[in-house]
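Analysis of the macromolecular model
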2 protein chains.
Amino acid sequence: MSSDLPPLSGAPTLEDVARVAGVSRATVSRVINGIRNVAPEIQESVHRAIATTGYVPNRAARSLVTRRTGAVALVVSGAGDARGGESFESRVFADAFFGRVASGVVSYLRPRGIHPVLMLADSAQTRDDVVSFLRQGSADGALVVSTHGEDPLPKLLVDAGLPAVLWARPARPIPISYVDLAHRAGAALAADHLVARGCRRVATISGPFDVPAAQDRLSGFQEAMAGHGHPYVPAVEGDFMPASGEAGMHRLIKEHPDIDGVFVANDLMAQGALLALRDLGRRVPEDVAVVGFDDSAAAACRPPLTTVRQPMEDMAAEMARLLLAHVADPGFRVTSVIVQPTLVVRESA
Amino acid sequence: MSSDLPPLSGAPTLEDVARVAGVSRATVSRVINGIRNVAPEIQESVHRAIATTGYVPNRAARSLVTRRTGAVALVVSGAGDARGGESFESRVFADAFFGRVASGVVSYLRPRGIHPVLMLADSAQTRDDVVSFLRQGSADGALVVSTHGEDPLPKLLVDAGLPAVLWARPARPIPISYVDLAHRAGAALAADHLVARGCRRVATISGPFDVPAAQDRLSGFQEAMAGHGHPYVPAVEGDFMPASGEAGMHRLIKEHPDIDGVFVANDLMAQGALLALRDLGRRVPEDVAVVGFDDSAAAACRPPLTTVRQPMEDMAAEMARLLLAHVADPGFRVTSVIVQPTLVVRESA
DNA sequence: TCGGGCGCGGAGAGCGCTCTCCGTCCCATG
DNA sequence: CATGGGACGGAGAGCGCTCTCCGCGCCCGA
């Protein structure tokens, strides 16, 4: 408890612990790591020495030799340099999406002693930064969430031979692992539900056509509706933001006043659509049934939104799992995991 | 361009670059860092060598000797182990708050080549992890966002002599730097506005009483109203979530049917309050004026919410600035930065 | 009683980088 | 022409850790 051998300068090192325990550095190292071939009583005295010295292994020194950092980059990547409008950062971080992904990633990584390093890649410069960061050995791999299908970062990573896993299938096929949702199946769930409810004149508000997930949700919905004998489904395009859902709903009702069911491609837009319906004096779900997608804004909707749930946290955790597999085994096959969505029935449909 | 001196194994090192450039390691190091006393033509050839070898400095090796990591921990810290209800993570990451803080932090750190490492501290175990992480030299300091005033982490950090900066003033005073909003002044802004609008019977929906910021907003509001000749302000307690704002509003109207103005302690609850008012058939702002706080949910409200803006991104960036100051100069004085809020007038009041 | 094997622990060589000397060379000055 | 000083570049010593040898001693079987 008292000062045995006060560490000369700064933090205690392996050497200090070894001296206190009366063994060699190597033995202490063994105890700390794989505990291979060390007599129980020696392990005990080493542990005591660690406790009295307050020793913590130095990560830099360790990763210098192991070539592992115990960190992965969590990259939020966008087109950047190109699209106008508000800043990239504010768009990405504006809703809870990022927080949920972070939460899922952390839940998987934390028990394994790995930490995610937050990075933004919204320009050629910052994309190079990400690649350099990994090549420097600052992180063992990257988890990439692209906000745009044409994001060039994944290819840069693949070309550099860096372990990486993507959120969502890339627009053009490249050999990289990713985790995605079965968007078409989810949209079909919505279609089935609307039809089963008895809706006869169904429309949809889709996401931006240049986002693959939005395309899939739209075509999946149209196909499923066609299967139910509704070959034509009126559709308007939104941008995944509440205001566009509101505007889209107004347009839809104006052009097709007899609509009795709507599939909205994400909850944020559905929230806006609900507001519009209310303004228009349509009751939900009696006059118009509404089904959303994502299950991200349920609490904020009136009435509570029936929606297709995308298990973001689970998907993010799965990304982390895949990445660690790639890091541990460079020969690990490129894999894509497609997660099945579920329908959460509340009151709006 | 062709293979000059193929790096024997793995990535090229300083040695490789030095060999290609025909100089010593030390010279290359000088060129890469402070460029001190190196002839221009030699610098040039070193740069060429770096380009041809594709060299990137190894971070572990560098930080082993510099004792700097170029990383800071971004810790989301809560009481944990104690409160029930849904999981800690889901609560923290549920809204855009975390994303906005992250965005502010990154905007300041990125140009300086520093990266934030995401950490969660919601139990004694994980709090120790954070301390160890820093003591290991995995990060140079910590940015701590506590969701609870009694969070023990700040004290642990101070006791360990680790550089750290807090979001918001800690419940009990400890010598640590923090950035906070002038909550009382913000609440006064709301009071002034409501009174100036002609509201005579004003009430408030506050945040949880055990959160210091909520207390400040409440007492600041009450004081300002008293100054305007309204010594008594009906108040109900919420939990900062939309549902509680809705419930609170119902209660308020039931107990005080003649209310014509409400100050809601955050936008999320204000959103719920607006919904309730709508259900109750009260027009906003004609019958009841509503002022929120934070400016975090403006777009999602109908009508658009008049609110007290808390510049989260700026505050987060300020935290990062303070932290780097502490890291660079261990003698840097403990500092608290109090940011002034502004009133954003929209349609709800 | 002795030899072989194996369980254990120590010595030592780096990992890639920075940084402190220190030597060299060149130029300006007396 | 000798000398001092400044500018520049190299040598080498670690930073703290892991890991591969090795050697020692104990236990077992013959």
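Structural data are supplied above this passage.
Not measured: the values here are computed from a predicted model.

Here we take up the overall build of chain A. If you tally the helices and strands in chain A, you get 13 helices and 12 strands. Taking 2.2 N^0.38 as the reference for a compact globule, 349 residues should give roughly 20 Å; the C-alpha atoms of chain A span a radius of gyration of 26 Å, well beyond that estimate. A principal-axis box enclosing the C-alpha atoms of chain A has dimensions of 85 × 40 × 35 Å. Counting across all 349 residues of chain A, residues that qualify as buried make up 50%. Restricting the contact set of chain A to residue pairs at least 6 apart, pairs at least 24 apart contribute 70%.

What follows is about helix H3 (residues 40–53) of chain A. Residues and elements named next belong to chain A. With 14 residues, H3 ought to run about 20 Å at 1.5 Å a step, and its terminal C-alpha atoms sit 20 Å apart, in line with that. Among the residues of H3, Val-46, Ala-49, Ile-50 and Thr-53 are the ones counted as buried. Down the axis, H3 shows its buried residues gathered within 100 degrees of arc, on one side only. Away from the buried face of H3 by more than 90 degrees, exposed residues Pro-40, Glu-41 and Ala-51 are located. Check the buried side of H3 and you find it contacts helix H1 (14–21) and helix H2 (25–32). Just downstream of H3 lies Gly-54, where phi reads positive at about 70 degrees.

On to the interface of chain B and chain A. Contact with chain B, which involves 43 residues of that partner, is made by 43 residues of chain A. At the level of secondary structure, the elements contributing two or more residues to the side of chain B that touches chain A comprise helix H4 (59–66), strand E1 (71–77), helix H5 (88–93), helix H6 (97–109), strand E2 (115–121), helix H7 (124–135), helix H11 (242–255) and helix H12 (267–279) of chain B. Among the elements that make up the side of chain B that touches chain A, the one with the highest residue count is H6(B) (7 residues).

With that settled, consider the protein's contact with DNA strand D. Around DNA strand D there are 26 residues in total, and Thr13(A), Leu14(A), Ala26(A), Ala61(A) and Ser24(B) lie nearest to it. Put simply, the parts of the chain that give the surface near DNA strand D at least two residues each are H2 and helix H4 (59–66) of chain A together with helix H2 (25–32) and H4 of chain B. Among the elements that line the surface near DNA strand D, the one with the most residues is H4(A), at 5 residues.

Quick look at the protein's contact with DNA strand C now. Ser24(A), Thr13(B), Leu14(B), Ala26(B) and Ala61(B) are the nearest of the 26 residues found near DNA strand C. Of all the secondary-structure elements, those providing two or more residues to the surface near DNA strand C are H2 and H4 of chain A together with H2 and H4 of chain B. When residues of the surface near DNA strand C are assigned to their parent elements, the largest contribution, 5 residues, is made by H4(B). Split by residue class, the surface near DNA strand C holds 14 nonpolar, 9 polar and 3 charged.

What follows concerns the packing of H11(B) against H12(B). All names here are of chain B. Orientation of H11 relative to H12, taken along the N-to-C sense of each, is 45 degrees, at an axis distance of 6 Å. As summarised for this structure, H11 and H12 are arranged oblique, according to the angle between their axes. Read as a crossing pair, H11 and H12 show a hand that is right-handed. On H12, the residues that touch Pro-242, Ala-243, Ser-244, Gly-245, Glu-246, Gly-248, Met-249 and His-250 of H11 are Leu-268, Met-269, Ala-270, Gln-271, Gly-272, Ala-273, Leu-275, Ala-276 and Leu-277. Class assignment of the residues belonging to the contact of H11 with H12 gives a composition of 10 nonpolar, 6 polar and 1 charged.

Turning to the relation of the copies chain B and chain A, a few remarks are in order. For the pair chain B and chain A, the best superposition has an RMSD of 0.2 Å and corresponds to a rotation of 180 degrees with a translation of 0.0 Å parallel to the axis. Taken together, the rotation angle and the small translation identify this as a two-fold axis. Here 100% of the contact residues of chain B are again contact residues in chain A; the copies associate through an equivalent surface.

Here the focus is the sheet that holds strand E10 (residues 306–309) of chain A. Residues and elements named next belong to chain A. Reading across from one edge, E7-E6-E8-E9-E10-E12 is the order of the 6 strands in this open sheet, with mixed pairing throughout. Every interior strand has two partners, whereas the edge strands, strand E7 (235–237) and strand E12 (342–344), have only one. On average, adjacent strands in this sheet sit at an angle of 20 degrees to one another, irrespective of strand direction. In this sheet, E7 lies alongside strand E6 (residues 202–206) in parallel orientation, the contact comprising 3 bridges. In the sheet register, Ser-206 faces E7, and the bridge partner there is Glu-237. Against the sheet, helix H10 (residues 212–227) contacts E6, E7, strand E8 (261–264) and strand E9 (289–294), and its axis sits at roughly 170 degrees relative to E6. Helix-sheet contacts for helix H11 (residues 242–255) involve E6, E7 and E8, and the interaxial angle to E6 is about 150 degrees.

In this section: helix H1 (residues 14–21) of chain B. All names here are of chain B. For H1, the complete set of buried residues consists of Leu-14, Asp-16, Val-17, Val-20 and Ala-21. Seen end-on, H1 carries its buried residues on one side only, within an arc spanning 160 degrees. Among the structural elements, H2 and helix H3 (40–53) are those in contact with the buried residues of H1. Of the residues trailing H1, Gly-22 is marked for its positive phi of about 75 degrees.

Moving on, we get to the sheet that holds strand E6 (residues 202–206) of chain B. All names here are of chain B. Spatially, 6 strands are ordered E7-E6-E8-E9-E10-E12 in an open sheet, and the strand pairing comes out mixed. The sheet is open, and its two borders are formed by strand E7 (235–237) and strand E12 (342–344), each paired with just one other strand. Adjacent strand axes in the sheet meet at a mean angle of 20 degrees, parallel and antiparallel pairs treated alike. Its contacts with the sheet put H12 on E6, strand E8 (261–264), strand E9 (289–294) and strand E10 (306–309), and the angle it makes with E9 is roughly 155 degrees.

Each regular strand carries side chains that alternate between the two faces of the sheet. Residue and element names in this part refer to chain A. Inspection of the sheet shows E9 paired to E10 by 4 bridges, in the parallel sense. From the neighbouring strand, Asp-294 faces E10, where its bridge partner is Arg-309. In this structure, E10 lies alongside E12, joined through 3 bridges in antiparallel fashion. Bridge pairing in E12 places Arg-309 opposite Thr-342.

Turning next to the environment of Met225(B). Residue and element names in this part refer to chain B. Among the secondary structure elements, Met-225 is positioned in helix H10 (residues 212–227). Along the primary structure Met-225 and Ala-317 are separated by 92 residues, whereas in three dimensions their C-alpha atoms are 33 Å apart. What Met-225 contacts, discounting residues up to four positions off in sequence, is Ala-191, Val-202, His-230 and Val-233.

Rules of the game
Residues numbered from 1 in each chain as written. Chains lettered and ligands numbered in written order. Predicted model: local features only at pLDDT ≥ 70, side-chain atom pairs only at ≥ 80, totals over all residues. Helix = DSSP H or I, 4+ residues; strand = E, 2+ residues; numbered from the N terminus. Rg over C-alpha atoms; globule rule 2.2 N^0.38 Å. Buried ≥ 20, exposed ≤ 12 C-beta atoms within 10 Å, placed from the backbone. Contact = placed C-beta atoms within 7 Å. Expected span 1.5 Å × (residues − 1). Arc of directions from axis to C-beta. Near = placed C-beta within 6 Å. Nonpolar A, V, L, I, M, F, W, Y, C, P; charged D, E, K, R; others polar. Axes fitted to C-alpha atoms, helices over the stretch in contact; angles between N-to-C directions. Parallel < 35°, antiparallel > 145°, perpendicular 65-115°, else oblique. Left-handed = near helix turned anticlockwise from the far one by under 90°. Least-squares fit on C-alpha atoms with pLDDT ≥ 70 in both. Pairing = 2+ DSSP bridges.

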